[in-house]
Amino acid sequence: MSASIEQEDALVTSTDPLHPANLISELCASFYRLGWVTGTGGGICIRTNDKVYIAPSGVQKERIEPSHIFVLPYPQAEPSPHTDRIFLRRPNLNLKESACTPLFWNAFTIRSAGSCIHTHSQNAVMATLLWEKEKMFRISHQEMIKGVRIGGNGPTLSYFDTLEVPIIGNTPNEEDLKDSMKEAMEKYPRAAGILVLRHGIYVWGDDWQKAKTQTECLDYLLEIGVKMKLAGLPTVLNEGVQQQRLSVGGKPTFGRVLTKCWHLGTSAKLPGALHQRDNDS
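Residues numbered from 1 in each chain as written. Predicted model: local features only at pLDDT ≥ 70, side-chain atom pairs only at ≥ 80, totals over all residues. Heavy atoms only, no water.

Visitor: Would you mind going over the overall build of the protein chain in detail, with residue names and values included?
Guide: What the protein chain contains, in helices and strands, is six helices and twelve strands. The burial tally for the protein chain puts 50% of its 281 residues in the buried class. A separation threshold of at least 6 residues defines the contact pool for the protein chain, and within that pool the share at least 24 residues apart is 66%. A total of about 13200 Å² of accessible surface is found on the protein chain, and carbon and sulfur atoms cover 51% of it. (Helix = DSSP H or I, 4+ residues; strand = E, 2+ residues; numbered from the N terminus. Buried < 20%, exposed > 50% of the residue type's maximum accessible area, 1.4 Å probe, protein only. Contact = heavy atoms within 4.5 Å. Areas by Shrake-Rupley, 256 points an atom, 1.4 Å probe, with all protein chains shown as cover.)

Visitor: How would you explain the packing of aromatic side chains if you had to name every residue and give the values?
Guide: The tally for this structure, following the rule as stated, stands at eight aromatic pairs. Note on Phe31 and Trp36: the rings are 5.3 Å apart at their centroids and 40 degrees apart in plane angle, and the pair reads as tilted. Grouping residues by exposure puts Phe31 and Trp36 together as buried. Aromatic rings pair up to connect Tyr74, Trp105 and Phe108 into one cluster. (Phe/Tyr/Trp six-rings, centres within 6.5 Å; stacked < 30°, edge-to-face > 60°.)

Visitor: I'd love a proper account of the environment of Cys100, names of residues and values included.
Guide: Structurally, the position occupied by Cys100 is in the loop between strand E5 (96-97) and helix H3 (101-111). A C-alpha to C-alpha distance of 6.3 Å links Cys100 and Glu174, two positions 74 residues apart in sequence. Not counting chain neighbours up to four residues away, the residues in contact with Cys100 comprise His118, Glu174 and Tyr202.

Visitor: With reference to specific residues and values, describe the pairing of strand E2 (residues 51-54).
Guide: One ladder, built from four bridges, connects strand E1 (residues 43-48) with E2; its direction is antiparallel. The residue of E2 that forms the bridge with Arg47 is Val52. Here E1 folds back onto E2 in antiparallel fashion, the turn holding two residues, of which Asn49 has a positive phi close to 55 degrees. Sheet topology note: the E2/strand E4 (residues 70-73) ladder contains four bridges and is antiparallel. Bridged to Ile54 within E4 is Phe70. (Pairing = 2+ DSSP bridges.)

Visitor: Please give an account of helix H6 (residues 208-230) that cites residues and values.
Guide: One turn of the α-helix equals 3.6 residues, which is why residues spaced by three or four share an orientation. When the terminal C-alpha atoms of H6 are compared, their 33 Å separation across 23 residues agrees well with the 33 Å that a helix rising 1.5 Å per residue should span. Residues of H6 that are buried include every one of Trp208, Ala211, Gln214, Thr215, Cys217, Leu218, Asp219, Leu221, Leu222, Gly225, Val226 and Met228, and no others. A side-chain oxygen of the first residue of H6 lies 3.2 Å from the backbone nitrogen of Gln209; this N-cap is Asp207. Backbone geometry just downstream of H6 places Gly232 in the positive-phi region, at approximately 80 degrees. (Expected span 1.5 Å × (residues − 1). Polar contact = N/O pair within 3.5 Å; in protein donor to acceptor, adjacent residues only side chain to side chain.)

Visitor: For the layout of surface pockets, give the residues involved together with the corresponding values.
Guide: By volume, the largest pocket is sized at about 170 Å³. Around the largest pocket, the lining residues are Lys135, Pro166, Ile167, Ile168, Gly169, Ser180, Glu183, Ala184, Lys187 and Tyr188. Elements supplying a minimum of two residues to the lining of the largest pocket: strand E8 (162-168) and helix H5 (178-187). With four residues, the single largest contributor to the lining of the largest pocket is H5. Classifying every residue of the lining of the largest pocket gives five nonpolar, two polar and three charged. (1 Å grid on protein atoms, 1.4 Å probe; cavity = no way out; pocket = protein on both sides within 12 Å on 5 of 7 lines; lining within 4 Å. Points joined across faces, edges and corners; volume = space filled by probe spheres on them. Nonpolar A, V, L, I, M, F, W, Y, C, P; charged D, E, K, R; others polar.)

Visitor: Tell me what's going on with the environment of Thr101, and back it up with residues and numbers.
Guide: The residue Thr101 is located in helix H3 in this model. Taking the relative accessible area as the measure of exposure, Thr101 reaches 0% and is therefore buried. Spatially, the C-alpha atoms of Thr101 and Glu174 are 9.2 Å apart, while their sequence positions differ by 73 residues. Only 2.7 Å separates the side chain of Thr101 from the backbone oxygen of Ser98, close enough to count as a polar contact.

Visitor: So what's going on with the pattern of salt bridges? Which residues, and what values?
Guide: Taken as a whole, this structure holds eleven salt bridges when the rule is applied. Between Asp9 and Arg89 there is a salt bridge; the shortest N-O distance is 3.0 Å. One end of the pair, Asp9, is in helix H1 (residues 3-10); the other, Arg89, is in the loop between E4 and E5, with 80 residues separating them in the sequence. There is no split in this pair, since Asp9 and Arg89 are both buried. The partner of Lys51 in a salt bridge is Asp50, and the shortest N-O contact between them spans 3.4 Å. (Salt bridge = Lys/Arg side-chain N within 4 Å of Asp/Glu carboxyl O.)

Have a look at this one:
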């Protein structure tokens, strides 16, 4: 084995279970068991400082090994569909990097994300069908909303907030979703993910933990939203009514002003006293 190959392989070889190459293998197996990445679909990437670790495309996601991981330098020119990219390391096997790569780059450049996850969850697909006309999935007054962050990496939403996730049209080739995803992310800066019609969802976060948590919370909300819609129940309560923050002894509680106008792409001002809070219930 040449010295250059050994140096490249060292990028994905570690006994640390939290090394990105080990994490991607573990997470893909976990996502497979959830039904998110069956049939070789879906993908995940992790960015650490100046390197991006990406799972291969068209492989059994539950059987991915660290040696199968691609490593790209960051930053670099935005990877465009169907073009060559710069790699620090390619697997020795005849593998291709994830077809999601240009879309993952959207999360890096537009949201400064540290990780992005793409699933083919049936909950996501059903939501795109039931909210196809509106081109926006909307739900409020659900406990799991508190596990989602504004824009994917801002303050956490509250129980009273209305969660909105844009829906974009699908394309025959994954890479060709890059521009429409970018447009939706810029138009709806408060969105924590992007749904793709009859396809799945992209979710990002500051790191792999936050991206994973938000993907789980969003999938839960998509599932309950679909069930509510099919049962004839409204998924958004108090439509058009702002939920005023409560005050006890002059100190603000965790109630928040209902953030409206996400569909207009506006940036509602949040009270300065609000602090970030994870989903702790």
